Amino acid sequence: MPSLYSAISRRVGGERVLAEDVTQEVWLRALGSWEVSGLPDQPGAWLRTVAWNVLRNYFRRKTIESATLEELGLGVDDVQAEAHTATGAEDARRIQAGLARVPPEQALLLEERYFDGLSMRVLAESRGTTERGIEGRLHRARGALARALGSDSETPSIPTHSKPSRHD
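Residues numbered from 1 in each chain as written. Predicted model: local features only at pLDDT ≥ 70, side-chain atom pairs only at ≥ 80, totals over all residues. Heavy atoms only, no water.

**A short note on the packing of aromatic side chains**
Heads up, the condition is: Ring pairs shown here join Phe, Tyr and Trp side chains whose ring centres sit within 6.5 Å, with only the six-membered ring taken for Trp; geometry is labelled stacked below 30 degrees between planes, edge-to-face above 60, and tilted in between.
What the rule picks out here adds up to two aromatic pairs. Summarising the aromatic geometry, the rings of W27 and W34 are spaced 6.5 Å apart at their centres and angled 85 degrees between planes, so their arrangement reads as edge-to-face. Counting every residue linked through ring pairs, the aromatic cluster contains W27, W34 and W46.

Structure follows, in structure tokens:
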């Protein structure tokens, strides 16, 4: 539970209440599903996947809500002004919204590598491919995320290299 909460908290920029809500939702889904179908082969991976899906749905709803707010009178100037004063939490939200716009497999790969710090070896084994294959997939996924975020100068930087991992 602590590692799941920690991973979720990092994804939401440290918003404690949201992280707690998502963690609770994931465990409720696990209890309901596992009671019927039994414990999955990799329960940690199952929990992470459900958590990222819950977060994607949350950020998609937020994106829809902000479009509705714009229609109610918040103009483009208001949105751009917010982008110029982005904080780390706002960057995290933009990246999460960008991840919601890329194919789910690419988003999950980026999340597991850069947010969870999973090694290339672990990623390759979990997907039945080679580390070289993962490098290619990560390259394509970073490109898709960059396109989803746009190419303006305010776009948060996207790592293009592998950071050392505690899972290596």
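**Some points on helix α6 (residues 104-115)**
Rules: Runs of H or I in DSSP of at least four residues are treated as helices and runs of E of at least two as strands, each being numbered from the N terminus. Between the first and last residue of a helix there are one fewer steps than residues, each counted as 1.5 Å, and that sum is the expected span. Remark: exposure states derive from per-residue accessible area (1.4 Å probe, protein chains only) relative to the maximum for the residue type, with buried under 20%, exposed over 50%, and partly exposed in between.
For α6, with twelve residues, the first-to-last C-alpha span of 15 Å sits near the 16 Å given by 1.5 Å per residue. Taken residue by residue, α6 has A107, L108, L109, L110, E111, E112, R113 and Y114 as its buried positions. Positive phi appears at G117, one or two residues downstream of α6, with a value of about 70 degrees.

**A short note on the nonpolar core**
The condition that has to hold: Side-chain atoms within 4.5 Å link the members of a nonpolar core, which is a set of buried Ala, Val, Leu, Ile, Met, Phe, Trp, Tyr and Cys residues. The contact criterion used throughout is that any non-hydrogen atoms of two residues lie within 4.5 Å.
In terms of nonpolar packing, the biggest core is built from 18 residues, with I8, V22, V26, W52 and L55 touching the most fellow members. The set of elements that each furnish at least two residues to this core consists of α1 (2-11), α2 (16-37) and α3 (43-71). At seven residues, α3 tops the list of elements feeding residues into this core. Residue contacts for V22: discarding those within four places in its chain leaves I8, A51, V54 and L55. Grouped together as the second largest cluster of nonpolar side chains are 17 residues, L99, L110, M120 and A124 included.

**Side note on helix α8 (residues 131-149)**
For the record, the criterion: As used here, the arc belongs to the directions running from the helix axis to the C-beta atoms.
In this model α8 runs 26 Å from its N-terminal to its C-terminal C-alpha over 19 residues, within 8% of the 27 Å that 1.5 Å per residue would give. The complete set of buried residues in α8 reads I134, L138, A141, R142, A144, L145 and L149. Angular distribution of buried residues about the axis of α8 spans 165 degrees; they occupy a single face of the element. Exposed residues on α8 whose side chains face more than 90 degrees from its buried face are R132, H139 and R147. Two residues or fewer past α8, G150 is found with a positive phi of approximately 90 degrees.

**Notes on the confidence of the model for the protein**
To keep things clear, this is the line we draw: Values of pLDDT, ranging from 0 to 100, describe the predictor's confidence in every residue of the model.
Mean pLDDT over the protein: 74, with 70% of residues reaching 70 or higher. Here residues 67-85 is a poorly scored stretch, pLDDT under 50, and it has seven contacts once near neighbours within four places are set aside; other chains count. Here residues 160-168 is a poorly scored stretch, pLDDT under 50, and it has 24 contacts once near neighbours within four places are set aside; other chains count.

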